[in-house]
Amino acid sequence: MECRVLSIQSHVVRGYVGNKSATFPLQVLGFEVDSINSVQFSNHTGYAHWKGQVLTAEELNELYEGIKLNKVNHYDYILTGYSRDTSFLEMVVDIIKELKEANPSLVYVCDPVMGDHGAMYVPEYLLPVYRDKVVPLADILTPNQFEAELLTGRKITTEEDAVEVMDLLHKMGPKTVVLTSSDLPSKRGDQFLVALGSQTIVKPDGTNTSQKICIDIPKVDAVFVGTGDLFAALLLAWTHHHPKDLKAACEKTVSVMHHVIKRTITYAHELAGPGKRPSPAQLELRMVQSKADIENPAIVVEAKVLQKSSH
Amino acid sequence: MECRVLSIQSHVVRGYVGNKSASFPLQVLGFEVDSINSVQFSNHTGYSHWKGQVLTADELHVLYQGIKLNNVHQYDYVLTGYTRDTSFLEMVVDIVQELKRANPNLVYVCDPVLGDHGSMVMDLLHAMGPDTVVITSSDLPSRLGDRFLVSLGSQRHVRPDGSRTTQRVRMEVHKVDAVFVGTGDLFAAMLLAWTHHYPNDLKMACEKTFSVMHHVIQRTISYAHELAGPGRRPSPPQLELRMVQSKADIEDPAIVMEAIVLS
């Protein structure tokens, strides 16, 4: 497999978020990963302290220029995640446009990180940049419910709403949309959360159809950081192997997430001791220890196919 | 295995030098790798063009402060390589000294990247500090002929009775007609891993390390020649190490060379 990914995300010295979260799993799965570090911090910002430096839009451009001057600006995938800066995001957009011109088959996997549970944790003025410039370029989009609502201006209270929102997102650009989490009630009870996915496929006769799925995911009583970044990287890998089968791609992705999270929470509780809540340092993902699960995940979830629709 | 390495080396967007060369193999072998990127460049400086930014000594210090403030500055290993800057190197020294105070068992694996000289100064180097020294390549004549270069290793042990012993090994390494970049960084990372598993057996640690190097380099040169085409010299991008493709060799290297014990 000769597949090269350009990943533009944060770097932390310690722990697993951003490029630290995405790179190892992709490399273990045989992808070549070129990584541009948008920041270098000591650790993620959920710790008591964090320190470091950010890359400016100019510096990002400089790095890209280096790649381009050597004529090695050919990528099969681009992956982006958390960003706080409009000018940086706009430079990312310019780079993606150019890379898509160089390779029209390029797949842009975009995690439109803006917030969760009803609150934004990036500046508000990033929303129009995502909505109007970034998402239209995306081929695969991994918003959570809140981000999907922000992008479409629609609220999700039922499964039908979720399906409509995913169709609206398709119209904005991406052929593959995964709602990574939602508040929708799971048929399996309140220990589960509901994730949904939708992929438009062009049939041989030229008409569009879409495969829509939903997955019930066991909740875990802890705050993890970097799981969204891991999810997007794994979805890249598994949609690469299952480009027309979102059900299979999501089952593999969610299964790996499950194994990594279980290993992490078990270890965190060991470190913290009985009755104590683990700290952010103790909750860092057990990434290298999960290598075998990343390479060959035992499937532990089943995605349900929702109605197929043509439009 | 719960083993944490602090690696302070370059980062390149594309290719395998510095931290890009060291991190993946160590992670594949189960080490936790904390990495401070001393620079971020588009690619290594052997390409026609390269662009990027360097970390200052102050910025290095700031990153270390972040780790320290969170009380997570406990490491089993420190790994360093190529640096161009004295003030940066002096900040690295301060950090290593502090980390050694926090953990007296810390092992500092140092590739003193200075250029290529090739002189035999094992005992002098031991006297300066390190218990394990590997001269990764030299101009010494190989008994197998001029297609081979000589590498030497030396490891000091203290016996239970307090007396010292030294194990010396010699390897004849097959030359490859190409310029690779990042191989020294990979070597140091793998020597860290294999001396961790064989702390008192330099022969075994070197055989594993040199064998991994052989597999990665063979895979790389084969692929480079495919890309370049017959009769053409491969370019620097074509010669980037086939790192992710070599995962199985990294995890479990078939031993392909013998380290001769000298004394």
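In this text, all values refer to a predicted model and were calculated from it rather than measured experimentally.

Undergrad: Give a description of the overall build of chain B that names residues and reports values.
TA: Within chain B, the secondary structure is distributed over seven helices and nine strands. For chain B, the C-alpha radius of gyration of 19 Å lies close to 18 Å, the compact-globule estimate for 263 residues. With the C-alpha coordinates of chain B rotated into their principal frame, the extents come out at 55 × 50 × 35 Å. Looking at chain B as a whole, 51% of its 263 residues qualify as buried. For chain B, long-range pairs separated by at least 24 residues make up 68% of all intrachain contacts whose partners lie at least 6 apart in sequence. Within the structure as shown, chain B displays about 12200 Å² of accessible surface, and the carbon and sulfur contribution to it stands at 53%. Here chain B carries 23 positive and 28 negative side-chain charges, and the mean point of each set is 4 Å from the other.

Undergrad: Tell me what's going on with the overall build of chain A, and back it up with residues and numbers.
TA: Of the regular secondary structure elements, chain A holds nine helices and 13 strands. Relative to the compact-globule value of 19 Å for 311 residues, chain A shows a C-alpha radius of gyration of 19 Å, a close match. For the C-alpha atoms alone, the extent of chain A along its principal axes is close to 55 × 45 × 40 Å. Evaluated residue by residue, chain A yields a buried proportion of 60% over its 311 residues. If you sum the accessible surface of chain A, you get close to 12700 Å²; carbon and sulfur atoms cover 53% of it. One finds the centroid of the 31 positive side-chain charges in chain A at a distance of 4 Å from the centroid of its 38 negative side-chain charges.

Undergrad: Could you give me a rundown of the environment of Met171 of chain B, with the residues and numbers involved?
TA: Residues and elements named next belong to chain B. Inspection of the secondary structure assignment puts Met171 in strand β8 (residues 164–174). Among the residues examined, Met171 registers a relative accessible area of 1% and is labelled buried. Note: C-alpha distance between Met171 and Val54 (117 residues apart in sequence) is 36 Å. Sequence-distant contacts of Met171, defined by excluding residues within four places in its chain, comprise Leu149, Val150, Ser151, Cys206, Glu207, Phe210, Met257, Glu258 and Ala259.

Undergrad: Help me get a handle on the packing of helix α1 (residues 18–28) of chain A against helix α1 (residues 18–28) of chain B, residues and values and all.
TA: Axis separation between α1 of chain A and α1 of chain B bottoms out at 11 Å; the angle between their running directions is 70°. Considering the angle they form, α1 of chain A stands roughly perpendicular to α1 of chain B. For the pair α1 of chain A and α1 of chain B, the sense of crossing is right-handed. Contacts from Phe24, Gln27 and Val28 of chain A in α1 of chain A reach Phe24, Gln27 and Val28 of chain B in α1 of chain B.

Undergrad: A description of the UniProt feature "domain: Pyridoxamine kinase/Phosphomethylpyrimidine kinase" (unreviewed entry) in chain A should follow, citing residues and the corresponding values.
TA: Under the present numbering, the feature "domain: Pyridoxamine kinase/Phosphomethylpyrimidine kinase" (unreviewed entry) in UniProt falls on residues 81–269 of chain A. Taken as a whole, residues 81–269 of chain A contains 46% helix and 19% strand, while its terminal C-alpha atoms sit 29 Å from one another.

Undergrad: Give me the lowdown on the confidence of the model for chain B, citing residues and values where you can.
TA: Low pLDDT means the predicted coordinates in that region are not meant to be read closely. Chain-level pLDDT for chain B is 93 on average; 97% of the residues reach the 70-or-more range. Among the prediction metrics, the complex's ipTM stands at 0.94, with pTM recorded as 0.92.

Undergrad: Now, about unusual backbone geometry: what can you tell me, with residues and values included?
TA: Unusually for a residue other than glycine, Lys71 of chain A sits at a positive phi of about 60°. You can see Lys71 of chain A is positioned in the loop between α2 (57–69) and β4 (77–80). The exposure class of Lys71 of chain A is exposed, given its relative accessible area of 65%. The backbone phi angle of Asn71 of chain B is positive, close to 60°, even though this residue is not glycine. By the secondary structure assignment, Asn71 of chain B is in the loop between α2 (57–69) and β4 (77–80).

Undergrad: If you had to explain the pairing of β4 of chain B to someone new, which residues and values would you point to?
TA: Residues and elements named next belong to chain B. Residues of β4 alternate between two faces, with Tyr77 and Leu79 on one and Val78 and Thr80 on the opposite face, all of them buried. By the bridge criterion, four bridges tie strand β1 (residues 4–12) to β4 in an arrangement that is parallel. Counterpart to Ser7 in the pairing with β4 is Leu79. When β4 meets strand β5 (residues 107–110), the two strands line up parallel, connected through four bridges.

Undergrad: Describe the sheet that holds strand β7 (residues 148–158) of chain B, naming the residues involved and giving the relevant values.
TA: For sheets, the rule is that strands pair by backbone hydrogen bonds, running either parallel or antiparallel. Residues and elements named next belong to chain B. Ordered by their spatial adjacency, four strands build an open sheet running β6-β7-β8-β9, and the pairing between neighbours is antiparallel. Looking at strand neighbours, the two that pair on one side only are β6 (132–138) and β9 (260–261), the edges of this open sheet. One ladder, built from five bridges, connects β6 with β7; its direction is antiparallel. If you follow Ser138 over to β7, its bridge partner there is Val150. Each of β6, β7, β8 and β9 touches helix α6 (residues 202–228); the most contacted strand, β8, lies at about 25° to it.

Undergrad: A description of the packing of helix α5 (residues 145–152) of chain A against helix α6 (residues 159–172) of chain A should follow, citing residues and the corresponding values.
TA: Residues and elements named next belong to chain A. The contact between α5 and α6 brings their axes to 10 Å, and the two run at 60°. With respect to each other, α5 and α6 are oriented oblique. As α5 packs across α6, the resulting crossing turns out to be left-handed. Each of Ala148, Leu151 and Thr152 in α5 lies in contact with α6, whose residues at this interface are Val165, Leu168, Leu169 and Met172. Per-class residue counts for the contact of α5 with α6 are six nonpolar, one polar and no charged.

Undergrad: Explain the interface of chain A and chain B residue by residue, including any values.
TA: By a frequent convention, interface size equals the accessible area lost on bringing the separate parts together. Residue-level contacts link 47 residues of chain A with 47 residues of chain B. Here chain A meets chain B over a buried area of about 4000 Å², counting both sides, of which 51% is carbon and sulfur. Where chain A touches chain B, the interface holds 27 residue pairs in polar contact (both at pLDDT 80 or more). No other element matches the eight residues that strand β2 (residues 32–41) of chain A contributes to the side of chain A that touches chain B. Looking at side-chain class alone, the side of chain A that touches chain B contains 19 nonpolar, 15 polar and 13 charged residues.

Reading guide: rules and limits
- Residues numbered from 1 in each chain as written.
- Chains lettered and ligands numbered in written order.
- Predicted model: local features only at pLDDT ≥ 70, side-chain atom pairs only at ≥ 80, totals over all residues.
- Heavy atoms only, no water.
- Helix = DSSP H or I, 4+ residues; strand = E, 2+ residues; numbered from the N terminus.
- Rg over C-alpha atoms; globule rule 2.2 N^0.38 Å.
- Buried < 20%, exposed > 50% of the residue type's maximum accessible area, 1.4 Å probe, protein only.
- Contact = heavy atoms within 4.5 Å.
- Areas by Shrake-Rupley, 256 points an atom, 1.4 Å probe, with all protein chains shown as cover.
- Lys, Arg positive; Asp, Glu negative; His and termini not counted.
- Charge placed at Lys NZ, Arg CZ, Asp CG, Glu CD.
- Axes fitted to C-alpha atoms, helices over the stretch in contact; angles between N-to-C directions.
- Parallel < 35°, antiparallel > 145°, perpendicular 65-115°, else oblique.
- Left-handed = near helix turned anticlockwise from the far one by under 90°.
- UniProt positions renumbered as here; feature names shortened; annotations may be inferred.
- pLDDT = per-residue confidence, 0-100.
- Pairing = 2+ DSSP bridges.
- Nonpolar A, V, L, I, M, F, W, Y, C, P; charged D, E, K, R; others polar.
- Buried area = accessible area lost by both parts, 1.4 Å probe.
- Polar contact = N/O pair within 3.5 Å; in protein donor to acceptor, adjacent residues only side chain to side chain.

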